[in-house]
Amino acid sequence: MKNTVVTFREAKKENKKQTMITAYDYSFAKLFDEAGVNSILVGDSVGMVSLGYEDTLPVTMEDMIHHTAAVARGAQNALVIADMPFMSYQTSVYDAVVNAGRLIKEGHAQAVKLEGGAAVAEQIRAIVAASIPVCAHIGMTPQSKNIFGGFKVQGKQVEAAQRIMDEARLVEEAGAFAVVLECVPAKLAAKVSENISIPTIGIGAGNGCDGQVLVYQDMLGLFSDFTPKFAKKFADCGKLVKEGVGEYIKEVESGAFPAEEHHFKIDQQVVDAVK
Ligand code: KIV
């Protein structure tokens, strides 16, 4: 059954946890969709895990549209949410609506995600008014890493914790259908989740959230540059990949691959006739 923003709303009412995972291409989107996740986030984390940048700041609208369209072709039932890249919405409400529209029209996403609370509440309001569902993202917002002084847990002191609660209420009021809480202490995230009516999707925010999101390379052991403390490795696909490619190298070098069953056949007469 197709997941929509209505599914998110109902899940919160029914106290049913939502699963979100990132994907950046057709094949993985299809696998995750078939596994049954509720939503697929085409995160601007694509910049780090697929494109090799050290942060998400260089990611462009063209990158996001390209990857979102590939994911959308692979996802039948999962809601496809596309991240709005750095400087595609901060510059003005007008830019935010135009760029959100491009992710829907050209990328075929069904919703967009953007980072920030009070600073982008007008953008959220305007995008929703243009009939595009918005998932908000507060706490540690990677596009603001230069303001935070790195990727750091947010909301540990009273003032910062209150700001997270206020921003959650603000994005809810602005019309967001869900909010990602990233790197927020678990007890604070649980309290935020109890105090707003839209689902909270946690990443490094404990199990009191209404759902969880992970970057798939982190949870499947496919990214070794660093592993965030909150990312559980559910499978070691990196090890499997290295073993499989190691076997391939051995068999090509020994001549065992390709074997007879991988050959295309031809009549010997045809071969003999070729001079
Ligand atoms: O870009 C991304 O993958 C994200 C998640 C970490 C929430 O924003």
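Not measured: the values here are computed from a predicted model.

Which residues make up the overall build of the chain, and what are the values?
Within the chain, the secondary structure is distributed over 12 helices and eight strands. Taking the principal axes of its C-alpha atoms as reference, the chain extends roughly 80 × 40 × 35 Å. Looking at the 275 residues of the chain, the share that counts as buried comes to 49%. Residue pairs in contact within the chain that sit at least 24 positions apart in sequence constitute 58% of those at least 6 positions apart. When the accessible surface of the chain is summed, it comes to about 14400 Å², and 57% of that surface belongs to carbon and sulfur atoms.

Break down the side chain of Asn-3 for me, citing the residues and quoting the values.
For Asn-3, the location among the structural elements is in the segment before helix 1 (5-13). Within the structure, the side chain of Asn-3 is placed 3.0 Å from the side chain of Asn-38, a separation counted as a polar contact.

So what about the pairing of strand 5 (residues 134-139)? Which residues, and what values?
For strand 5, a buried count of six out of six residues is recorded, marking the element as mostly surrounded by other parts of the structure. On strand 5, burial covers both faces: Val-134, Ala-136 and Ile-138 on one face and Cys-135, His-137 and Gly-139 on the other are all buried. With four bridges joining them, strand 4 (residues 111-115) and strand 5 adopt parallel strand pairing. For Lys-113, the partnering residue across the bridge sits in strand 5 and is Cys-135. Between the parallel pair strand 4 and strand 5, the chain is carried across by helix 6 (residues 121-129), and the sense of this crossover is right-handed. When strand 5 meets strand 6 (residues 178-182), the two strands line up parallel, connected through five bridges. Residue pairing in the sheet places Cys-135 in a bridge with Ala-178 of strand 6.

Can you break down helix 4 (residues 61-74) residue by residue, with the values?
Here helix 4 contains 14 residues, and its C-alpha end-to-end distance of 20 Å stays within 8% of the 20 Å for a straight helix at 1.5 Å per residue. Most of helix 4 sits inside the fold, with 11 of its 14 residues counted as buried. By the burial criterion, the buried members of helix 4 are Met-61, Asp-63, Met-64, Ile-65, His-67, Thr-68, Ala-69, Ala-70, Val-71, Ala-72 and Gly-74. Structurally, helix 4 contributes buried residues whose contacts are with helix 2 (26-35), strand 2 (39-42), helix 3 (46-49), strand 3 (79-83) and helix 5 (93-105).

Requested: an account of the sheet that holds strand 8 (residues 211-214), with residues and values cited.
Pairing in this closed barrel of eight strands is parallel, and the strands run 1-2-3-4-5-6-7-8 around the ring. Across the sheet, the mean angle separating the axes of adjacent strands is 25° when strand polarity is ignored. In the packing of helix 1 onto the sheet, the strands contacted are strand 1 (18-22), strand 2, strand 3, strand 6 and strand 7 (200-203), and the crossing angle to strand 1 comes to about 135°.

Could you give an account of the pattern of salt bridges, with specific residues and numbers?
If you walk through the whole model with that rule in mind, you get 11 salt bridges. Residue Lys-239 is joined to Glu-243 by a salt bridge in which the shortest nitrogen-to-oxygen separation is 3.5 Å. Remark: Glu-243 and Lys-239 occur in helix 11 (residues 237-254); sequence separation between them is four residues, near one turn of the helix. With relative accessibility at 43%, the residue Glu-243 sits in the partly exposed group. Of the charged contacts, one joins Lys-250 and Glu-247 as a salt bridge, the two residues approaching to 3.2 Å between their closest N and O atoms. Here the residue Lys-250 and the residue Glu-247 both occupy positions in helix 11, the gap between them amounting to three residues, near one helical turn. A residue is classified by how much of its surface remains accessible, and Lys-250, at 54% relative accessible area, is exposed. When its relative accessible area of 39% is taken as the criterion, Glu-247 is described as partly exposed. Through salt bridges with shared partners, a single ionic network connects Glu-62, Arg-102 and Glu-106.

Can you tell me about helix 11, naming the residues and giving the values?
Between its first and last C-alpha atoms helix 11 spans 26 Å; for 18 residues at 1.5 Å apiece the expected length is 26 Å, and the two agree. Once helix 11 ends, the next one or two residues include Gly-255, with phi positive near 90°.

Outline the site of the ligand, listing residues and values.
Inspection of the region around the ligand gives Thr-22, Leu-41, Gly-43, Asp-44, Ser-45, Asp-83, Lys-113, His-137, Glu-182, Ile-203 and Val-215 as its neighbouring residues. Side-chain polar atom of Asp-44 to an oxygen atom of the ligand: 3.0 Å apart, as the coordinates give it. Asp-83 places a side-chain nitrogen or oxygen 3.1 Å from an oxygen atom of the ligand. Per-class residue counts for the shell around the ligand are three nonpolar, four polar and four charged.

What counts and how
- Residues numbered from 1 in each chain as written.
- Predicted model: local features only at pLDDT ≥ 70, side-chain atom pairs only at ≥ 80, totals over all residues.
- Heavy atoms only, no water.
- Helix = DSSP H or I, 4+ residues; strand = E, 2+ residues; numbered from the N terminus.
- Buried < 20%, exposed > 50% of the residue type's maximum accessible area, 1.4 Å probe, protein only.
- Contact = heavy atoms within 4.5 Å.
- Areas by Shrake-Rupley, 256 points an atom, 1.4 Å probe, with all protein chains shown as cover.
- Polar contact = N/O pair within 3.5 Å; in protein donor to acceptor, adjacent residues only side chain to side chain.
- Pairing = 2+ DSSP bridges.
- Right-handed = clockwise from strand over helix to strand, strands pointing away.
- Expected span 1.5 Å × (residues − 1).
- Axes fitted to C-alpha atoms, helices over the stretch in contact; angles between N-to-C directions.
- Salt bridge = Lys/Arg side-chain N within 4 Å of Asp/Glu carboxyl O.
- Near = heavy atom within 4 Å.
- Nonpolar A, V, L, I, M, F, W, Y, C, P; charged D, E, K, R; others polar.

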